[in-house]
Amino acid sequence: MVDNIKRSLLVSIWFVFLTFPLMVVKVNTLKNIVEWRWINMLWVAIGAFVLSIVWRWAMERRQLKNKKAEQGEEESVLPGFGQRLLEDPKIFKPVLIALALVTLVFPLVVDIYQTNIMVLALIFVVLGLGLNVTVGLAGLLDLGYVAFFAVGAYTYGVLNSFFGFGFWISLPLGGLMGALFGIVLGFPILRLRGDYLAIVTLGFGSIAKIVIENWEEVFNGAKGIANIPRPGFFGAEMSIHTATTYTYYLMILMVLFAIFITNRLKDSRIGRAWMALREDEIACVAMGVDMARTKLGAYAFGAFWAGLAGVIFASRNTYINPNSFTFMESALVLSIVVMGGMGSIIGVIVAALVLILMPEYLRAFAEYRMLMFGAVMVLMMIFRPEGLIANVRRKYAGRKVVTEDANARG
Amino acid sequence: MPEVSKTMPEVSKTMAEPDNVLLDVKDLTMDFGGLRAIDAVSLNVCPGEIVALIGPNGAGKTTFFNCVTGIYKPTNGAVMVHPPEGKSQKINGFKSNRVTTIGMARTFQNIRLFQNMTVLENVMIGRHCRTTTSIIGAILRGSKTRRQERETIEISYDLLEKVGLVDFADEFAKNLPYGAQRRLEIARAMATDPFLLLLDEPAAGMNPQETKALDELIVRIRDKEKISILLIEHDMKLVMNISDRIYVMEYGKEIAQGSPMDIRNNPKVIEAYLGEDADA
Ligand SMILES: Nc1ncnc2c1ncn2[C@@H]1O[C@H](COP(=O)(O)OP(=O)(O)OP(=O)(O)O)[C@@H](O)[C@H]1O
Ligand SMILES: [Mg+2]
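In this text, all values refer to a predicted model and were calculated from it rather than measured experimentally.

Asker: Give a detailed account of the overall build of chain B, specifying residues and quantitative values.
Answerer: Within chain B, the regular secondary structure consists of eleven helices and ten strands. At 19 Å, chain B has a C-alpha radius of gyration in line with the 19 Å of a compact globule built from 280 residues. Counting only C-alpha atoms, chain B reaches 65 × 40 × 40 Å along its principal axes. Taken over 280 residues, chain B has a buried fraction of 54%. Pairs at least 24 residues apart make up 68% of the contacts formed inside chain B by residues separated by at least 6 positions. On chain B, roughly 12600 Å² of surface is accessible, and the fraction owed to carbon and sulfur atoms is 52%.

Asker: Give me the sheet that holds strand β4 (residues 76–81) of chain B: which residues, what numbers.
Answerer: By definition, the strands of a sheet pair up through backbone hydrogen bonds, in either a parallel or an antiparallel sense. Residues and elements named next belong to chain B. Overall, antiparallel pairing links the four strands, which are arranged β2-β1-β4-β5 in an open sheet. Strands with a single pairing partner mark the edges of an open sheet, and in this sheet they are β2 (35–45) and β5 (89–90). Judged from the five bridges that link them, strand β1 (residues 23–32) and β4 form a sheet pairing that is antiparallel. In the strand pairing of β4, D24 is matched with M80. Contacting β1, β2 and β4, helix α2 (residues 61–68) runs over the sheet at an angle of about 115° to β1.

Asker: Just give me the short version of the nonpolar core, but keep the residues and values in it.
Answerer: All names here are of chain A. In terms of nonpolar packing, the biggest core is built from 100 residues, with I123, L127, W274, I320 and F325 touching the most fellow members. For this core, the leading source of residues is helix α6 (residues 112–137), giving 16 residues. Sequence-distant contacts of L127, defined by excluding residues within four places in its chain, comprise Y145, F149, A306, A309 and V333.

Asker: Tell me about the pattern of salt bridges, and name the residues and values.
Answerer: Tallied over the full model, the rule gives 20 salt bridges over all chains. A salt bridge links A:K223 to A:E216; the nearest nitrogen and oxygen atoms lie 3.5 Å apart. Residue A:K223 is classed as exposed on the basis of its relative accessible area, which comes to 54%. Overall, A:E216 belongs to the partly exposed group, its relative accessible area being 37%. With its nearest N and O atoms 3.0 Å apart, the salt bridge here joins B:R222 to B:D244. Highlighted residues: B:R222 in helix α8 (residues 208–224) and B:D244 in the loop between α9 (236–242) and β9 (245–250), separated in sequence by 22 residues. Taking the relative accessible area as the measure of exposure, B:R222 reaches 16% and is therefore buried.

Asker: Requested: an account of the packing of helix α15 (residues 327–340) of chain A against helix α16 (residues 345–361) of chain A, with residues and values cited.
Answerer: To characterise two packed helices, one gives the angle between the axes of the helices and the distance between these axes. Residue and element names in this part refer to chain A. The geometry of α15 relative to α16 is characterised by a closest axis approach of 8 Å and an angle of 130° between their N-to-C directions. One way to sum up the angle between α15 and α16 is to call them oblique. At the point where α15 passes α16, the crossing takes the right-handed sense. Where α15 approaches α16, its residues L332, S335, I336, V337, M339 and G340 are matched on the opposing element by G347, V348, A351, A352, V354, L355 and I356.

Asker: Requested: an account of the coordination of the magnesium ion (ligand 2), with residues and values cited.
Answerer: Residue and element names in this part refer to chain B. All of the protein donors around the magnesium ion (ligand 2) are T62 (OG1) and Q109 (OE1); their distances to the metal are 1.8 to 2.0 Å. Of this pair, T62 sits in helix α2 while Q109 sits in the loop between β6 (104–106) and α4 (119–126), placing them 47 residues apart in sequence. Taking the relative accessible area as the measure of exposure, T62 reaches 25% and is therefore partly exposed. Assessed through its relative accessible area of 30%, Q109 is described here as partly exposed.

Asker: Describe in detail the sheet that holds strand β8 (residues 228–232) of chain B, supporting the description with residues and values.
Answerer: Residues and elements named next belong to chain B. Taken in spatial order, the six strands make up an open sheet running β6-β7-β8-β3-β9-β10, and their pairing is mixed. Here the strands that pair on one side only, and so sit at the sheet edges, are β6 and β10 (253–258). Taken pair by pair, the neighbouring strands of this sheet meet at an average axis angle of 20°, ignoring direction. Relative to β8, strand β3 (residues 50–54) runs parallel, the two sharing four bridges.

Asker: Please set out the interface of chain B and chain A residue by residue, giving values where relevant.
Answerer: Chain B puts 45 residues into the contact, and the matching count from chain A is 35 residues. Together chain B and chain A conceal approximately 3700 Å² of surface at their shared face, both sides included; 61% is due to carbon and sulfur atoms. Looking at the side of chain B facing chain A, the largest losses of area belong to B:H128, B:I135 and B:I139, adding up to 16% of the total buried there. Summed over the shared surface of chain B and chain A, the result is two salt bridges. Among the salt bridges present, the one from A:D280 reaches B:R112, with a minimum N-O distance of 2.8 Å. The interface formed by chain B and chain A holds twelve residue pairs in polar contact (both at pLDDT 80 or more) in total. Taken together, the elements giving at least two residues each to the side of chain B that touches chain A come down to α3 (96–102), α4, α5 (135–140), α6 (143–163) and α7 (178–190) of chain B. Per-element accounting of the side of chain B that touches chain A gives the leading share, seven residues, to α6(B). Here the side of chain B that touches chain A is composed, by residue class, of 18 nonpolar, 16 polar and eleven charged.

Asker: Can you tell me about the pairing of β4(B), naming the residues and giving the values?
Answerer: In the sheet, β4(B) pairs with β5(B) via two bridges, with the strands oriented antiparallel. Bridged to B:V81 within β5(B) is B:Q89.

Asker: Describe in detail a positive patch on the surface, supporting the description with residues and values.
Answerer: On the surface, A:R191, B:K87, B:K95 and B:R98 cluster together into a patch of positive charge. By the element assignment, B:R98 lies in helix α3. Under the relative-accessibility criterion, B:R98 is labelled partly exposed at 45%.

Asker: Help me get a handle on the site of ligand 1, residues and values and all.
Answerer: Residue and element names in this part refer to chain B. Taken together, 14 residues lie near ligand 1, and N57, K61, T62, T63 and Q109 sit nearest. A distance of 2.9 Å is found between an oxygen atom of ligand 1 and a backbone nitrogen or oxygen belonging to G60. In the model, an oxygen atom of ligand 1 is placed 2.5 Å from a nitrogen or oxygen of the T63 side chain. Taken together, the elements giving at least two residues each to the shell around ligand 1 come down to β2 and α2. When the residues that make up the shell around ligand 1 are grouped by side-chain class, the tally is five nonpolar, seven polar and two charged.

Asker: Run through the confidence of the model for chain A, naming residues and quoting values.
Answerer: Residues and elements named next belong to chain A. Per-residue pLDDT for chain A has a mean of 84; in total, 89% of the residues score no lower than 70. Mean pLDDT values for the elements of chain A range from 44 in helix α3 (residues 74–77) up to 95 in helix α13 (residues 281–286). Here residues 73–78 is modelled with pLDDT under 50, and outside its nearest four sequence neighbours on either side it reaches six contacts, counting other chains as well. In the model, residues 402–410 has pLDDT below 50 throughout and makes zero contacts with residues more than four positions away in sequence or in other chains.

Asker: Lay out the pairing of β9(B) in plain terms, naming residues and giving numbers.
Answerer: Residues and elements named next belong to chain B. Among the six residues of β9, five are classified as buried, and the element is accordingly described as predominantly covered. The sheet contact formed by β3 and β9 spans four bridges and is parallel. Counted as the bridge partner of I54 is V248 from β9. Connecting β9 to the antiparallel partner β10 that follows it, the hairpin turn spans two residues, and Y251 within it adopts a positive phi of roughly 45°.

Asker: Which residues make up a nonpolar patch on the surface, and what values do they have?
Answerer: On the surface, A:I39, A:L42, A:W43, A:I46, A:V50, A:V54 and A:W57 cluster together into a nonpolar patch covering about 730 Å² of accessible area. Mapped onto the elements of the fold, A:L42 is located in helix α2 (residues 38–70).

Parameters at a glance
- Residues numbered from 1 in each chain as written.
- Chains lettered and ligands numbered in written order.
- Predicted model: local features only at pLDDT ≥ 70, side-chain atom pairs only at ≥ 80, totals over all residues.
- Heavy atoms only, no water.
- Helix = DSSP H or I, 4+ residues; strand = E, 2+ residues; numbered from the N terminus.
- Rg over C-alpha atoms; globule rule 2.2 N^0.38 Å.
- Buried < 20%, exposed > 50% of the residue type's maximum accessible area, 1.4 Å probe, protein only.
- Contact = heavy atoms within 4.5 Å.
- Areas by Shrake-Rupley, 256 points an atom, 1.4 Å probe, with all protein chains shown as cover.
- Pairing = 2+ DSSP bridges.
- Axes fitted to C-alpha atoms, helices over the stretch in contact; angles between N-to-C directions.
- Core = buried A, V, L, I, M, F, W, Y, C linked by side-chain atoms within 4.5 Å.
- Salt bridge = Lys/Arg side-chain N within 4 Å of Asp/Glu carboxyl O.
- Parallel < 35°, antiparallel > 145°, perpendicular 65-115°, else oblique.
- Left-handed = near helix turned anticlockwise from the far one by under 90°.
- Donors = N, O, S within 2.8 Å, 3.2 Å for Na, K, Ca; no water.
- Buried area = accessible area lost by both parts, 1.4 Å probe.
- Polar contact = N/O pair within 3.5 Å; in protein donor to acceptor, adjacent residues only side chain to side chain.
- Nonpolar A, V, L, I, M, F, W, Y, C, P; charged D, E, K, R; others polar.
- Patch = residues over 30% accessible without salt bridge, like charges linked within 9 Å, V, L, I, M, F, W, Y side chains within 5 Å.
- Lys, Arg positive; Asp, Glu negative; His and termini not counted.
- Charge placed at Lys NZ, Arg CZ, Asp CG, Glu CD.
- Near = heavy atom within 4 Å.
- pLDDT = per-residue confidence, 0-100.

As structure tokens, then:
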């Protein structure tokens, strides 16, 4: 322990030295003097010291854990938190009820600004759930996911401004357009893997934005499309406040819908094929799984949710322009999936809420958002590569289990 | 004289009764750039047979499997299959999922399980090509989907029972001991309802007891499940024990074929293996 403190002190002094010119010395060009900001030095020293201590502690714990795992103690003794939460109805039920209540009353107790942010967070939950299928389940890295989000948003924007289509017709159309683009863009990249796949999908994301920016006649270029109507309710007139609350509840329904459907797919022939494809493509195909079909299905399914989310995004903002669909958004959704835990539905929801709400409520940090994402990603990869909430192992109630139960009773 | 009388019925068998052959490979050749990994190798497997393919390291045995199962497209030659039900066809260049759907399933020399899926799920993947649930079907989960899912689970448990892995059904595949992983690969391949099972060194890394159990398992699969077997193996005791016929390859060429007795005494084979370790 003393050793740890000594080392951390050294680290802290080293950091003070390194950041001295940056943090302490400031040349004031107006008054032509040098300002010495000694207080910053103190902060750097304390910060580096604390971080170093935490780092050491975490590293030690990790080593201990690895050692235990090697001796085969760990996993079997303590199933993951996520698994316990799901398997124990005593914890699961009350938590679920409490969550449902909070969700229901949320827009009634907070102001419209907060509701609006929450709608955005929920949109990202849906995006995360969608990308979670492509990346987490099927293992197809997609750095251009925002393209499908844009497809959805612009489907609504264009259909509305040209043909006066309403929200409710555009919603499924946006989803279908997303899926269609997923298939079309999926074709050329079927054979790519790993880094190549990442680069090409990254390109798709950028291309989507450039096309939107430059095709003035249809997409109105950089000016964007304005006056997009909010979701309607049988043509009822709604104040902005009611409309926002209404959108919020819509989003909740949408998230539930997404959870329901992704869950069903996960526990199905299709979902298992996606996972197998992620685990070992050659073996998967050799076991009779059609690679092209399965991959395109995963792309299309992921893109479908991005399309739906895009339509809602457009209606929430009532205004879209290309700047809402940059690589930042792709990276954000990918961070959500990685942080939540590949393939884990609850993990993705938690991560989306954290990553979207945190910068909104901690305004001071908003500027350093990307920096913090980077730090969080690195830390996650080191300490919890399986994500916040690891994917739950599925158990199948087979004939064997049934007969065992019968034996136990008899 | 006895030499001749032995080969004669062999030839007439393949020639006169083509419908009594499951897999018929003729003059298969595979080049990797300038390297000829397989050079005009012919091989056939008849129903109810256990056929072994042996040879020193690097002889081209795995490459042969890869060509037959559609992982590589052979440079030359013909791979004909005659399924017990269904039409005969030439399957050169078919994708490996199509080959599997036709009814030939394989295991891998370097184990290729789905490590982060459970043992049961690994076997369930094998059922993929025999079930039909689509994305929409999986979402709606109608009665047909549920029935297929139930059957898949049932069949998979059955197979796990047959290879002795039922107790590990909910374990991750990566947590299984080595020998069990090899048996899981066999169960997964069997789940695709094959008429021919291609096993690439199933005994590699197994201890003598495990090898003995595997020996029995393979014979049982042939006798009970009516699945014919093509087997690559270095363990000569296992090969000699269970094979009906043996093909020997060296440097991509077929140097001998015949019954275990013939092969044991074939001078060419002995020579090929002399430089090798005393595996044989
Ligand atoms: N994809 C490939 N590209 C180039 N050369 C290859 C490829 N696959 C195999 N080879 C070469 O083909 C030859 C035969 O290899 P193969 O793996 O078929 O041997 P094997 O008989 O299975 O040997 P072992 O008993 O060690 O498994 C080797 O020289 C190998 O290097
Ligand atoms: Mg080999």
